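The primary structure of each chain is shown beneath.
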Amino acid sequence: MDNHFNNKVAWITGASSGIGEALAYELSVAGARLILSGRRMEELERVKQACTDPAQVQLLQLDLADAPSLEDKAAAAVSCFGHIDIMVHNGGVTQRSLVIETGMEVHRRLMEVDYFSYVALTRALLPHFVGRKGGHFVITSSVMGKIGTPMRSAYAAAKHALHGFFDCLRAEVAVDNIKVTLLTPGYIRTNISLYALTNKAYGLAKPSENITNGLPADRAARQIMKAIKRGAFEPYIGRFGGERIGLWLNRLAPGLLIRIAPKLAPK
Ligand SMILES: NC(=O)c1ccc[n+]([C@@H]2O[C@H](COP(=O)([O-])OP(=O)(O)OC[C@H]3O[C@@H](n4cnc5c(N)ncnc54)[C@H](OP(=O)(O)O)[C@@H]3O)[C@@H](O)[C@H]2O)c1
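All figures in this text were calculated on a predicted structure; none of them were measured in a lab.

What to know about unusual backbone geometry
No. 1: You will see that Lys133, though not glycine, has its phi angle at about 55 degrees, which is positive.
No. 2: Along the chain, the position of Lys133 falls in the loop between helix 4 (104-132) and strand 5 (135-140).
No. 3: A positive phi angle, near 75 degrees, is found at Met151, a position not held by glycine.
No. 4: Assignment of secondary structure puts Met151 in the loop between strand 5 and helix 5 (153-173).

Re the packing of helix 1 (residues 18-29) against helix 2 (residues 41-50)
No. 1: Between helix 1 and helix 2, whose axes approach to 9 Å, the crossing angle comes to 25 degrees. It follows from the interaxial angle that helix 1 and helix 2 lie roughly parallel. Along this stretch, helix 1 crosses helix 2, giving a crossing that reads as right-handed. Side by side, helix 1 and helix 2 meet where Glu21, Ala24 and Tyr25 of the first sit next to Arg46, Val47 and Ala50 of the second.
No. 2: In terms of residue class, the contact of helix 1 with helix 2 is made up of 4 nonpolar, no polar and 2 charged.

Considerations on the nonpolar core
No. 1: Counting residues in each nonpolar core, the largest one holds 46 residues, and the members touching the most others are Trp11, Ile35, Ile84, Leu125, Phe137, Ile139 and Phe166.
No. 2: At the level of elements, strand 1 (9-13), helix 3 (70-81), helix 4, strand 5, helix 5, strand 6 (178-185) and helix 8 (242-252) are the ones that each hand at least two residues to this core.
No. 3: No other element matches the 10 residues that helix 4 contributes to this core.
No. 4: Setting aside residues up to four positions removed in sequence, Ile35 forms contacts with Val9, Ala10, Trp11, Ile12, Gln58, Leu60, Ala77, Cys80, Phe81 and Ile84.

Quick look at the pattern of salt bridges
No. 1: Taken as a whole, this structure holds 7 salt bridges when the rule is applied.
No. 2: For the salt bridge of Glu26 with Arg222, the shortest nitrogen-to-oxygen distance reads 3.6 Å. A residue pair is termed long-range when its members are at least 10 positions apart, and Glu26 in helix 1 and Arg222 in helix 7 (residues 217-229) qualify at 196 residues.
No. 3: Looking at Arg222, the relative accessible area reads 39%, which means it is partly exposed.
No. 4: The residue Asp176 makes a salt bridge to Lys133 at a minimum N-O spacing of 2.6 Å. One end of the pair, Asp176, is in the loop between helix 5 and strand 6; the other, Lys133, is in the loop between helix 4 and strand 5, and 43 residues separate them in sequence.
No. 5: On the accessibility criterion, Lys133 (48% relative accessible area) is partly exposed.

Digging into the environment of Tyr236
No. 1: Along the chain, Tyr236 falls in strand 9 (residues 236-237).
No. 2: Between the C-alpha atoms of Tyr236 and Lys133, which are 103 residues apart in sequence, the distance is 28 Å.
No. 3: Excluding anything up to four places from it in sequence, Tyr236 contacts Val143, Thr184, Pro185, Gly186, Gln223, Glu243, Arg244 and Leu247.
No. 4: Within polar-contact distance, the side chain of Tyr236 engages the backbone oxygen of Arg239 at 2.6 Å.

Notes on the site of the ligand
No. 1: Close to the ligand lie 30 residues; Ser16, Ser17, Arg39, Tyr155 and Thr190 are nearest.
No. 2: One nitrogen or oxygen atom from the main chain of Gly14 is found 3.2 Å from an oxygen atom belonging to the ligand.
No. 3: Within the side chain of Lys159, an N or O atom sits 3.0 Å from an oxygen atom of the ligand.
No. 4: In isolation the ligand exposes 870 Å². Once the protein is present, 96% of that is buried.
No. 5: Elements represented by at least two residues in the shell around the ligand include exactly helix 1 and helix 5.
No. 6: Classifying every residue of the shell around the ligand gives 12 nonpolar, 14 polar and 4 charged.

Conventions and cut-offs
Residues numbered from 1 in each chain as written. Predicted model: local features only at pLDDT ≥ 70, side-chain atom pairs only at ≥ 80, totals over all residues. Heavy atoms only, no water. Helix = DSSP H or I, 4+ residues; strand = E, 2+ residues; numbered from the N terminus. Axes fitted to C-alpha atoms, helices over the stretch in contact; angles between N-to-C directions. Parallel < 35°, antiparallel > 145°, perpendicular 65-115°, else oblique. Left-handed = near helix turned anticlockwise from the far one by under 90°. Contact = heavy atoms within 4.5 Å. Nonpolar A, V, L, I, M, F, W, Y, C, P; charged D, E, K, R; others polar. Core = buried A, V, L, I, M, F, W, Y, C linked by side-chain atoms within 4.5 Å. Buried < 20%, exposed > 50% of the residue type's maximum accessible area, 1.4 Å probe, protein only. Salt bridge = Lys/Arg side-chain N within 4 Å of Asp/Glu carboxyl O. Polar contact = N/O pair within 3.5 Å; in protein donor to acceptor, adjacent residues only side chain to side chain. Near = heavy atom within 4 Å. Areas by Shrake-Rupley, 256 points an atom, 1.4 Å probe, with all protein chains shown as cover.

Next up, the structure:
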């Protein structure tokens with residue numbers, strides 16, 4: 001039996017729904033011990049009870065926007081089981097608004113939640129990984145971390161920033177046997193668009209057609225498990241669709257991508 005994840009300790013942020021929830025179930029089935037984080041404790045409790053062995057699941061409430069709390073949260077996560085093997089940076093929020101109408105508070109909020117919190121938690125956890133000579137950072141970026149399409153400027157900027165930061169980190173810590181996997185999902189069927197920031201911070205967007213037609217989160221989680229296991233650098237997660245083609249065009253024919261990008265606004 002494959003025991004890559006058996007008894008490993010994985011900390012997942014954004015575990016109260018969507019991709020993080022689905023990944024918690026996959027890791028739990030594979031024998032991992034879990035620390036699940038998010039703001040909504042009742043949702044985290046629901047996920048915990050649905051895991052294969054709830055006794056091996058601990059909950060740690062966390063608001064990624066609360067920067068001063070994050071160092072202590074990382075210490076609390078380590079103390080849950082005494083160590084951490086896999087840190088899944090996954091919690092986050094998206095955006096649907098044109099640059100011309102988007103206030104600075106939206107840009108700042110997106111960077112705080114989707115980028116700076118990941119940096120802060122990584123900095124706090126890194127000495128632990130270096131001391132143990134091992135660990136795996138898994139980061140849920142996005143296709144929007146590699147390309148740009150209308151109405152996603154703040155979100156894409158935060159996700160692009162993750163690639164800069166974590167590519168550098170990978171180069172620094174490979175010598176310490178620490179791995180970095182930047183997941184680049186296309187459209188995955190979750191509630192993310194319901195909570196999307198619009199032209200004002202805390203605004204709500206409508207359900208997105210692309211997301212509703214996206215790959216179910218449980219299938220995405222199974223792709224993610226394979227990617228973590230093989231230590232992939234930057235795996236695409238999702239269906240073979242427009243997002244996958246967008247990634248290829250960005251690499252092979254960026255001029256063509258720019259011409260069709262206006263048609264790629266999320267529906
Ligand atoms: N769905 C897609 O098509 C897609 C595509 C590419 C990338 N992604 C990325 O996948 C990740 C997970 O999103 P999802 O699609 O699974 O959406 P989701 O179901 O809305 O999940 C988002 C998760 O992030 C948590 N979260 C949001 N704001 C938070 C905050 N301030 N502090 C702590 N936790 C916070 C939420 O928990 P609480 O509300 O309980 O705090 C929730 O568990 C995100 O990073 C997203 O950018 C999604």
